[in-house]
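Architecture at a glance
For reference, the chains in residue letters:
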Amino acid sequence: MKVRVPGKVILFGEHSVVYGKKAIAASIDELAVTAEIKSSTNEKISSIALENFGASYEIANSQLLDKMPSDISLVDCHPQNHILESIYEYATETNIIASVPLICILYIYIFMVVETKKFIPFDLIVSSTIPMGAGLGSSASFSVAIASIFIKYFMNPEIDRHQDLTDRWAFTLEKIIHGNPSGVDNKIVHYGGLLSYVKQRSEVSFQPPEWFHSLKFVLVDTMIPRDTKKMVNNVSIKFQRRPKLLGDSFKKMDEISNKFEQFLKIFKCEKMAFSAISNLFSKNQHHLKVLGVSHPVIEKVITISKKHGHQAKLTGGGGGGFLVVLINPNVDEKDEVYFYKELTLNGFKYYNVKLGGKGLQFEE
Ligand SMILES: Nc1ncnc2c1ncn2[C@@H]1O[C@H](COP(=O)(O)OP(=O)(O)O)[C@@H](O)[C@H]1O
Ligand SMILES: C[C@@](O)(CCOP(=O)(O)O)CC(=O)O
């Protein structure tokens, strides 16, 4: 059994979403996490290969026995510290590389064993084309891939509560990786298309209008490493110091997300939509700068993009990581090449992508 889960970009509302404002996210067609699971050839040992980390593990069922609480249920999914601590000891003894994803996998496996009342050894391979730790939602795609493949593989596939269980488990695994995520990332990569998301209040997953698929987007890697958790924390500190300033920006970002939703209904082709959406990109980026999550290199990519007629904004946690560039459909394709040349000359990596395609997909 195989599963493919795409990456994501936040088009509007990163950070403000943490404060209850609306965010708009889109799945990325070209980048994805894939996971494949098979029954193990050895009836007592499971194997896990995390290809992006060059890490593989063999886990004997006997090693997990003493970590097996009896009083847990699959529907009771939130990170439980006492179970996590015992797995953490095991995972860090085994290999410090990739201890967090390994913990996620063992955590859900333990729940599967308790639920099904049997050890079913497996061989699991996880690989991904989504650059990690850069704002494209690799942790969410990983979490949805693991949650969905384990639930489908170990449980009765007829159970129709799978979608909901997968959502809740993916969010649990995201929390193990991230601490306190808003939830927007795992929803968009699960369902694909576009997502309008307000934390704990509303989420509408929808297919974009046809013209949206004709818009060209470029994801530019600043190659500056950053940490989402730290960026979210920095914003929280700044919000305590400057509540009015940041509060206003959060409100404006909410309005931007609402405007974008209206534009999707009003416009009929990508050429008409470009300047309106590009204006929203620019405004959203301004507010992200006010929050303090931009970076000189992010600003540099925006300047280069503008010079060639395109509009860019950071996407995700910021402080480095990726930008999403909206390509001007009125610029000739041969002139577009000069933009890519300039990005490359400046040492940036870029990916041409389409947004808003399929979410999670299984292959038997
Ligand atoms: N292909 C993968 N294999 C194993 N773990 C992964 C994979 N992709 C993501 N992860 C997990 O997600 C973490 C990256 O998440 P994070 O720093 O939040 O960045 P992002 O913005 O890409 O989600 C990794 O350190 C790892 O724990
Ligand atoms: C900054 C934030 O809004 C998005 C973070 O995205 P990423 O993890 O950098 O891909 C945080 C969140 O929504 O939990």
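Scroll up for the structure.
Right, let's walk through the structure included here. Just so we're clear, the structure is a prediction, and the values are computed from it rather than from any experiment.

1. Here's the deal with the sheet that holds strand β10 (residues 322-326)
The four strands are arranged β9-β10-β8-β11 in an open sheet whose pairing can be described as antiparallel. Pairing within the sheet leaves two strands with one partner each, and these edge strands are β9 (311-314) and β11 (349-353). The average angle at which neighbouring strand axes cross in this sheet is 25°, direction not considered. Inspection of the sheet shows strand β8 (residues 217-221) paired to β11 by five bridges, in the antiparallel sense. Looking at β11, one finds that Val 220 is bridged to Tyr 350. Against the sheet, helix α9 (residues 270-291) touches β8, β9 and β10, its axis set at about 35° to β9.

2. Some points on the site of ligand 2
The full set close to ligand 2 counts 19 residues, and Lys 8, His 15, Ser 182, Arg 226 and Gly 317 are the nearest of them. Contact distances for ligand 2 include 2.6 Å between an oxygen atom and a side-chain N or O atom of Ser 182. A total of 390 Å² of accessible area belongs to ligand 2 in isolation, and the protein chains cover 94% of it. Of all the elements in the fold, those that place two or more residues in the shell around ligand 2 are β1 (2-12), α6 (184-191) and α7 (228-241). Per-class residue counts for the shell around ligand 2 are seven nonpolar, eight polar and four charged. The residue makeup of the shell around ligand 2 includes at least three contributed by each of domain 1 (2-204) and domain 2 (208-353).

3. A short note on the pairing of strand β6 (residues 194-198)
Of all five residues making up β6, five are buried, and the element is well covered by its neighbours. Direction of pairing for strand β2 (residues 23-39) relative to β6: antiparallel, over a ladder of four bridges. Residue Ala 26 lies in a different strand from β6, and its bridge partner there is Leu 194. With five bridges connecting them, β6 and strand β7 (residues 202-206) associate as antiparallel partners. Of the residues in β7, the one forming a bridge with Leu 195 is Ser 205. In this antiparallel pair of consecutive strands, β6 and β7, the connection spans three residues, and Gln 200 shows a positive phi of 55°.

About the thresholds
- Residues numbered from 1 in each chain as written.
- Chains lettered and ligands numbered in written order.
- Predicted model: local features only at pLDDT ≥ 70, side-chain atom pairs only at ≥ 80, totals over all residues.
- Heavy atoms only, no water.
- Pairing = 2+ DSSP bridges.
- Helix = DSSP H or I, 4+ residues; strand = E, 2+ residues; numbered from the N terminus.
- Axes fitted to C-alpha atoms, helices over the stretch in contact; angles between N-to-C directions.
- Contact = heavy atoms within 4.5 Å.
- Near = heavy atom within 4 Å.
- Polar contact = N/O pair within 3.5 Å; in protein donor to acceptor, adjacent residues only side chain to side chain.
- Areas by Shrake-Rupley, 256 points an atom, 1.4 Å probe, with all protein chains shown as cover.
- Nonpolar A, V, L, I, M, F, W, Y, C, P; charged D, E, K, R; others polar.
- Domains from an automatic or database assignment.
- Buried < 20%, exposed > 50% of the residue type's maximum accessible area, 1.4 Å probe, protein only.

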